[in-house]
Amino acid sequence: MIKLVWIAISIVGAAGLGAIALSRGETINSLWIVAAALCLYALSYRFYALWIAAKVLVTDSTRATPAERFDNGRDFTPTNKWVTFGHHFAAIAGPGPLVGPTLAAQFGYLPGTLWILIGSVLGGCVQDMVILFFSTRRDGRSLGQMARDELGPLGGAAALAGTLSIMVILISVLGLVVVNALKHSPWGTSTVAATIPIAVFIGLYMRHLRPGRVLEASLIGVALLLLSVASGGWIDHQPQLRALFNFDAMTLVWLVIGYGFIAAVLPVWLLLAPRDYLSTYMKLGTVVALAVAILVMHPEIRMPAVTRFIDGTGPIFAGKLFPFVFITIACGAISGFHSLISSGTTPKLIANERDIPMIGYGGMMLESFVAIMAMVAATVLDPGVFFAINSPAGLVGHGFEAVSKISSWGFSVTLDEMQTLAHEMGEESLFARTGGAPSLAVGMASIFGNAFGREFLSIWYHFAIMFEAVFILTTLDAGTRVGRFMLQDLLGNFAKPLGNTSWYPSVLLTSAAIVASWGYFLYIGVIDPNGGVNLLWPLFGISNQVLAAIALTVATGILIKSGKAKYAWVTGLPLAWLSFITTSASLEKLTSADARIGFYAAADQLAEKLSLGKLPAAKAEIAPQIIFNLHLDAALTIFFVAVLWVVIFEMLRVSFRKTIGLPVPPLSESPHIPSRLVEDWVRD
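Everything numeric here is computed off the predicted structure, so don't read it as measured data.

Rules and cut-offs
Residues numbered from 1 in each chain as written. Predicted model: local features only at pLDDT ≥ 70, side-chain atom pairs only at ≥ 80, totals over all residues. Heavy atoms only, no water. Helix = DSSP H or I, 4+ residues; strand = E, 2+ residues; numbered from the N terminus. Rg over C-alpha atoms; globule rule 2.2 N^0.38 Å. Buried < 20%, exposed > 50% of the residue type's maximum accessible area, 1.4 Å probe, protein only. Contact = heavy atoms within 4.5 Å. Expected span 1.5 Å × (residues − 1). Salt bridge = Lys/Arg side-chain N within 4 Å of Asp/Glu carboxyl O. Polar contact = N/O pair within 3.5 Å; in protein donor to acceptor, adjacent residues only side chain to side chain. Phe/Tyr/Trp six-rings, centres within 6.5 Å; stacked < 30°, edge-to-face > 60°. Patch = residues over 30% accessible without salt bridge, like charges linked within 9 Å, V, L, I, M, F, W, Y side chains within 5 Å. Areas by Shrake-Rupley, 256 points an atom, 1.4 Å probe, with all protein chains shown as cover. Axes fitted to C-alpha atoms, helices over the stretch in contact; angles between N-to-C directions. Parallel < 35°, antiparallel > 145°, perpendicular 65-115°, else oblique. Left-handed = near helix turned anticlockwise from the far one by under 90°. Nonpolar A, V, L, I, M, F, W, Y, C, P; charged D, E, K, R; others polar. pLDDT = per-residue confidence, 0-100.

Section: the overall build of the chain
Tallying secondary structure elements over the chain gives 27 helices and 2 strands in all. Whereas a compact globule of 684 residues would reach a radius of gyration of roughly 26 Å, the chain reaches 24 Å, a difference of no more than 12%. Projecting the C-alpha coordinates of the chain onto the three principal axes gives extents of approximately 70 × 60 × 55 Å. Counting over 684 residues, the chain shows a buried share of 60%. Excluding contacts between residues fewer than 6 apart, the proportion of contacts in the chain whose partners are at least 24 apart in sequence is 83%.

Rendered as structure tokens:
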């Protein structure tokens, strides 16, 4: 009977993949995409993830984890597997699975959907699980420190410097997206702010008031979370209260910086873990509700399978289908940022190694499903509306000019249609709302409205905007803490006390340093009149994939050193693909003569216009800053790719020496210590 069930799942999944891949010239139903995704996830977890855990990694449920051995009540603390899963998912699920697929929909629904599905089960999920396992076996060490221990001083130094630098860029972009989503949004800001005291209360509740009562605390926390969403809408309609949460961008910058510092220094059980855990309910609840709405309404996918913009002339971002669809989607398929969480906060919380497949592979699988939902929400929109929302005004113009330009591409849209849609969403205008988040919110609101009532469209729209902000902020707080761990690992090589994650002077110093670093880039992005995301997002995509390649390089090296060279293909194949696409994308961003693609080409074009006096006064004033930022992006791209190839060559060198019997750095895996934990987490 069990075999028949899995055969049926395989048939349904194959039929779904066939439908989305082979349909041409007619619309397909979104149910095919959802069915294909769910069947593929079930099959890959049952037959691939568990095989890797049993045969390649060989997890041991009797072995004490770092959370048990180093329990200090702050960073290391054995945590219920569901709370750990909630923290891990909330920490890894940032803007990538929401924004990336939405932007990549300009190529059509097919390329992005296939990359999300195939890339996640063979690459992203594998990376998250193996790095989580190797870090757990190495006292919860960071990715950079593991690289230093396993590959030697050169590869380790390159990985440490590269991962720390990339981390700063990633967090700054996350912060920038949060600020742009919450500025002058009292509803979203008040709701997100309310999650902080709620999390502190639940943390105290589970640790001191009612220890072990996870279900009870969860029900209370979810109730308070839903109340905060409802109260946010009420606050938004009260002029005096609305003013208290109506912040401009710069005020939000300082609030986000302050929150990042506090989240990095407080005990993990007090704020970070319960907040991320409770935020997961909102995330999962929204995603499940979206999936149910799709099952009920089963809307047609209106975007073509492949659009004319695969040639690189896309209005949302320039660049051909290869390699930029892989760079744009990033987190929905594979994300280097996840490896920092898998070697940062999560291995310090895991109580038993048998939970690693569920948390590592399963957490990324769930994020991939979020990306699929985002792709569906974007592509059920009329293509003309999609491009009207996401195309920048500088390219298509405003109002009638914009609809004329977009209609000339073969995607009809009218001014009345856009004005009616904006009114339904409670907005003044939806033209040129670039960045992906607004169009995703419109798509989600449309699906929810058709399923549960169109009279609440404006509520659904603003709820979706708030949902996206919560998604991103939970990644920012965990990322800041992980950045602190990484910096402590690095400084510990020079001054032993600074590497002690339990020594509070080191905690305060390194937290302040990390927050100041990403806070500077966040500040620069916010004051950039042209929008910092436009400059930083391509660098975000490239650096994120470079980081994933570094993580897979370290994992491949550890497998070979552990005498498991025959299994090295598990991480080696996705490594080969990632190193190829990241290097290709980086070369295009550095050498392309197209000013919409190349960093140097854009800087030279702007510099020429400035020298000839062809820029308006306002643009001429900020031009030097934009030119500097473009050159900085180029320099960082060169640095990141150089770091990647140094780490790869060091891994190959160490692996070759191991193969022929020459000395290599010893494995840094901690010795086996039997676990003394009693499994009594859930007593409800």
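Moving on, there is more to tell.
Overview of helix α6 (residues 109-136)
Along its 28 residues, α6 runs 38 Å from first to last C-alpha, staying within 8% of the 40 Å computed at 1.5 Å per residue. For α6, the tally of buried residues reaches 25 of 28 residues, placing the bulk of the element in the interior.

What about the pattern of salt bridges?
All chains considered together, the criterion is met by 10 salt bridges. We note a salt bridge from R137 to E353, for which the minimum N-O separation is 2.7 Å. With R137 in the loop between α6 and α7 (143-151) and E353 in the loop between α15 (336-342) and α16 (356-379), this residue pair connects regions lying 216 residues apart in the sequence. Classification of R137 as buried rests on a relative accessible area of 7%. On the basis of relative accessibility, which here comes to 1%, the residue E353 falls in the buried class. Between K561 and E150 there is a salt bridge; the shortest N-O distance is 2.8 Å. Residue K561 is located in helix α24 (residues 532-561), and its partner E150 is located in helix α7; the two are separated by 411 residues in the primary sequence. Residue K561 is classed as buried on the basis of its relative accessible area, which comes to 5%. The class for E150 is buried, based on a relative accessible area of 1%.

Considering the side chain of T307
On the secondary structure map, T307 appears in the loop between β2 (300-301) and α14 (321-329). On the basis of relative accessibility, which here comes to 5%, the residue T307 falls in the buried class. Side-chain polar atoms of T307 contact the backbone oxygen of Q106, separated by 2.4 Å. Residue contacts for T307: discarding those within four places in its chain leaves Q106, F107 and G108.

Focus: the packing of aromatic side chains
Evaluated as defined, the whole model comprises 23 aromatic pairs. When the centroid spacing of 6.3 Å and the interplanar angle of 45 degrees are considered together, the rings of F309 and F411 count as tilted. Highlighted residues: F309 in the loop between β2 and α14 and F411 in the loop between α19 (399-408) and α20 (415-424), separated in sequence by 102 residues. Residue classification places F309 among the buried positions, given a relative accessible area of 2%. Aromatic pair W577 and F580: ring centres 6.2 Å apart, planes at 55 degrees, arrangement tilted. Of this pair, W577 and F580 both sit in helix α25 (residues 569-591), 3 residues apart, which is roughly one turn of the helix. Residue W577 is classed as partly exposed on the basis of its relative accessible area of 32%.

Comments concerning a nonpolar patch on the surface
There is a patch of nonpolar side chains on the surface, built from M1, L4, V5, I7 and I11 and spanning about 560 Å² of accessible area. With respect to the helices and strands, the residue L4 is situated in helix α1 (residues 2-22). Given a relative accessible area of 56%, L4 falls into the exposed group.

Side note on the environment of S670
By secondary structure assignment, the location of S670 is in the segment after α27 (617-659). S670 gets classed as buried once you look at its relative accessible area, which sits at 8%. Along the backbone, S670 and P66 are 604 residues apart, and their C-alpha atoms lie at a distance of 9.5 Å. Contact partners of S670, with chain neighbours within four places excluded, come to R63, R69, R137 and D139.

Points about unusual backbone geometry
Residues apart from glycine generally show negative phi values, whereas peptide bonds are mostly found in trans. Residues F322 and P323 are joined by a peptide bond in cis, for which omega reads 5 degrees. Positionally, P323 belongs in helix α14. The backbone phi angle of V58 is positive, close to 60 degrees, even though this residue is not glycine. With respect to the helices and strands, V58 occurs in the loop between α2 (30-57) and α3 (66-69).

As for the packing of α2 against α16
Taken N-terminus to C-terminus, the directions of α2 and α16 make an angle of 165 degrees; their axes are 11 Å apart at the nearest point. The pairing of α2 with α16 is recorded here as roughly antiparallel in orientation. Note on packing geometry: the crossing formed by α2 with α16 is right-handed. Of the residues in α16, those in contact with S30, I33, V34, A37, L38, Y41, S44, Y45, Y48, A49, L50 and A53 of α2 are P357, M358, Y361, G362, M365, S368, F369, I372, M373 and V376. For the contact of α2 with α16, a count of residues per class yields 18 nonpolar, 4 polar and no charged.

Considerations on the confidence of the model for the chain
When the pLDDT values of the chain are averaged, the result is 83; 92% of them are 70 or greater. Taken together, the stretch residues 680-684 has pLDDT below 50 and engages in 15 contacts with residues farther than four places along the chain or on a different chain.

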